Amino acid sequence: MLLPSFFRKNLFITLLLTGLFISQSCQKTPALPDNFVSFQTNALGFPTTESTISIIIAFSRAATTAGTITINTALVGVVYDTQITTSPALVSNTIQVPVVIGDISESITLSKKSGALFEGTESMKFTISALPAEMIFGPNLTLNISFAQIISSGAAETTIDGGGANHPNKVFIDLSGNKMTSIPRSDWDLGFASGNDFRVKLNSANGMLALSTGKSDMNAVTAADTIGLGSRFSLGAVFNAIIGTDVPAWIAGTPAWIDDPSGDLSKTSITEVSSTDTSNKVYIINEGMGIGTPAPPLPWKKVRILRKGSGYVIQYADINATTFTETNINKDITRNFQYMDLEKGIVSVEPDKEQWDISWSGFTNLTNLGAGLVPYYFQDVILQNPYKVQTVQILNTTKDYSAFGESDLTTLNFGVQSQVNIGANWRTGGGPTSAPAIRNDRYYIIKDASNNVYKLRFTALDSNGERGKPKFEYALVKKG
């Protein structure tokens with residue numbers, strides 16, 4: 001088989017070049033690039049439905065010295081410590097934000113006081129006025145906050161804070177709110193559908209896998225049920241198997257170990273949760289890979305999920321355990337999923353379903369590397385919110401980004417939707433044999449849950465050469 005040989009050759013070259021790079025880099029330490037400091041955005045809404053928002057101060061690289069960022073504030077129609085508070089505290093119209101060595105951003109928490117009333121006309125202005133010696137003023141030095149829901153007209157080049165080259169974060173993006181919400185990708189394991197379906201999804205960003213044991217008794221599943229899986233049941237094992245000389249027969253069954261990449265809830269790895277308890281089987285779960293370089297392997301668990309009224313009950317334990325824990329999970333119609341971490345319990349992950357449009361993350365996809373479709377981990381994947389959000393790709397040869405306007409919407413066909421409509425199509429390469437690069441020949445039209453329509457294009461794959469911090473710009477085409 002020619003393709004596995006091709007992969008082996010390229011992997012050898014990659015390792016050889018890596019060794020040369022390390023050898024050369026030991027001879028001379030290059031100077032660090034400038035560290036620019038900016039607000040993540042220049043405008044934010046603080047609607048009545050929210051009690052707390054985070055104001056992100058982003059760095060272009062990790063801080064190498066400690067210090068303080070000084071933020072000047074101006075309040076219009078709002079009274080500090082009566083209606084609002086901040087952390088760090090506001091003192092004489094100034095906030096001092098500590099900078100911690102190694103951080104790639106800092107934040108200010110803005111909170112409404114319990115019982116405070118707002119008319120929606122109140123506002124605040126934050127201005128970055130002083131920085132530690134190693135830092136430089138970036139483009140967004142002023143942030144305007146409105147105490148009402150805003151509909152953003154768009155933004156110039158904006159950086160997605162994915163956390164760096166080992167993609168530690170998942171980032172939810174709300175275009176109309178001009179807001180991004182970043183969470184560590186390892187904060188959850190399973191997502192429980194909140195709609196009419198009784199379906200459970202895996203944390204694709206961690207490379208999770210699930211395999212049914214066929215048994216309905218948690219205590220009947222032991223380490224004996226994992227015999228032979230150690231060399232198969234991981235994304236790394238799958239990849240190693242397909243680059244070998246002879247591809248094993250078990251590879252054909254590996255797509256069933258992950259959720260369908262389209263986001264179709266009828267095609268989850270864990271089958272529909274039945275109202276008949278005995279039909280719900282115990283699954284062996286490989287939680288995937290954690291955050292770090294190298295990424296640490298996460299534990300294996302056994303899991304069984306049942307219905308309980310209009311919600312769920314999950315049974316879970318270590319593989320060898322003779323007892324298990326049960327947790328009830330209720331549906332929440334304001335969110336697409338309720339989330340569960342098998343160590344910490346129920347956790348908050350994504351924003352309300354109408355308050356995000358797309359997300360950036362690592363993602364377990366299906367791809368053909370010469371042995372048929374297999375699970376394979378992709379970085380820099382854009383997923384769309386499955387709740388009413390629609391996207392369509394436009395090539396510049398059809399209509400240039402700068403020229404696309406409201407009149408072009410009349411002939412636009414959004415077509416069939418999938419959470420990976422954008423996916424990895426905005427970039428090219430990045431697999432075992434080619435370097436990643438942005439595609440400059442396309443952009444995307446995005447219609448949100450309120451029928452606001454935006455055009456969006458990606459402008460950079462990285463920030464100062466560091467992957468995991470891509471950039472984009474967007475503009476309002478039509479208000480909903």
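The paragraphs below set out a description of the structure included in this document. Small disclaimer: the values here were computed from a predicted structure and weren't measured.

## Observations regarding the overall build of the protein
- A tally of helices and strands in the protein yields 2 helices and 31 strands.
- A globule of 480 residues ought to have a C-alpha radius of gyration of about 23 Å, and the protein, at 24 Å, matches this closely.
- Dimensions of the protein along its principal axes, counting C-alpha atoms only, are 65 × 60 × 55 Å.
- Nonlocal contacts in the protein, meaning residues at least 24 apart in sequence, comprise 65% of its contacts between residues at least 6 apart.
- For the protein, the exposed area adds up to about 21,800 Å²; of that, 53% sits on carbon and sulfur atoms.
- Between the averaged position of the 38 positive side-chain charges in the protein and that of its 41 negative side-chain charges there is a distance of 4 Å.

## So, the layout of surface pockets
- Approximately 770 Å³ is the volume attributed to the second largest pocket.
- Considering the residues around the second largest pocket, the lining is formed by 31 residues, among which S54, K179, M180, T181 and S182 are closest to the centre.
- Contributing elements (two or more residues each) for the lining of the second largest pocket: β3 (52–59), β13 (169–174) and β14 (179–184).
- No other element matches β14, which puts 6 residues into the lining of the second largest pocket.
- Residue composition of the lining of the second largest pocket, by class: 12 nonpolar, 13 polar and 6 charged.

## A few points about the environment of I136
- Here I136 shows up in strand β10 (residues 135–137).
- Measuring from C-alpha to C-alpha, the distance between I136 and N35 comes to 5.9 Å, with 101 residues separating the pair along the chain.
- When sequence neighbours within four positions are dropped, the list of residues in contact with I136 reads D34, N35, F36, V37 and L131.

## Considerations on empty space enclosed by the protein
- Scanning the model with the defined rule gives 2 cavities of 30 Å³ or more in all.
- When its volume is computed, the largest cavity comes out at roughly 80 Å³.
- Surrounding the largest cavity, Q40, T41, T158, I173, D174, L175, N178, K179, M180, F472 and Y474 form its lining.
- Mapped onto the lining of the largest cavity, the elements with two or more residues apiece are β13, β14 and β31 (466–478).
- A per-class count over the lining of the largest cavity returns 5 nonpolar, 4 polar and 2 charged.
- If you trace the second largest cavity, you find it lined by I270, T271, E272, V273, S279, N280, K281, Y283, V303, R304 and I305.
- Considering every element that reaches the lining of the second largest cavity, the biggest residue donor is strand β19 (residues 300–308), with 3 residues.
- Tallied by class, residues from the lining of the second largest cavity come to 5 nonpolar, 3 polar and 3 charged.

## Examining the side chain of S269
- Structurally, the position occupied by S269 is in the loop between α2 (235–242) and β18 (283–286).
- In this view, S269 contacts L202, A210, A256, W257, I258, D259 and Y283; residues no more than four positions away in its chain are not counted.

## Here's the deal with the sheet that holds strand β12 (residues 154–159)
- Here 5 strands make up an open sheet; going across it, the order is β12-β31-β30-β29-β26 and the pairing antiparallel. Two strands lie at the open edges of the sheet, namely β12 and β26 (390–395), each paired on one side alone. Neighbour-to-neighbour, the strand axes of the sheet open up by a mean angle of 25°, direction not taken into account.

Rules and cut-offs
- Residues numbered from 1 in each chain as written.
- Predicted model: local features only at pLDDT ≥ 70, side-chain atom pairs only at ≥ 80, totals over all residues.
- Heavy atoms only, no water.
- Helix = DSSP H or I, 4+ residues; strand = E, 2+ residues; numbered from the N terminus.
- Rg over C-alpha atoms; globule rule 2.2 N^0.38 Å.
- Contact = heavy atoms within 4.5 Å.
- Areas by Shrake-Rupley, 256 points an atom, 1.4 Å probe, with all protein chains shown as cover.
- Lys, Arg positive; Asp, Glu negative; His and termini not counted.
- Charge placed at Lys NZ, Arg CZ, Asp CG, Glu CD.
- 1 Å grid on protein atoms, 1.4 Å probe; cavity = no way out; pocket = protein on both sides within 12 Å on 5 of 7 lines; lining within 4 Å.
- Points joined across faces, edges and corners; volume = space filled by probe spheres on them.
- Nonpolar A, V, L, I, M, F, W, Y, C, P; charged D, E, K, R; others polar.
- Pairing = 2+ DSSP bridges.
- Axes fitted to C-alpha atoms, helices over the stretch in contact; angles between N-to-C directions.

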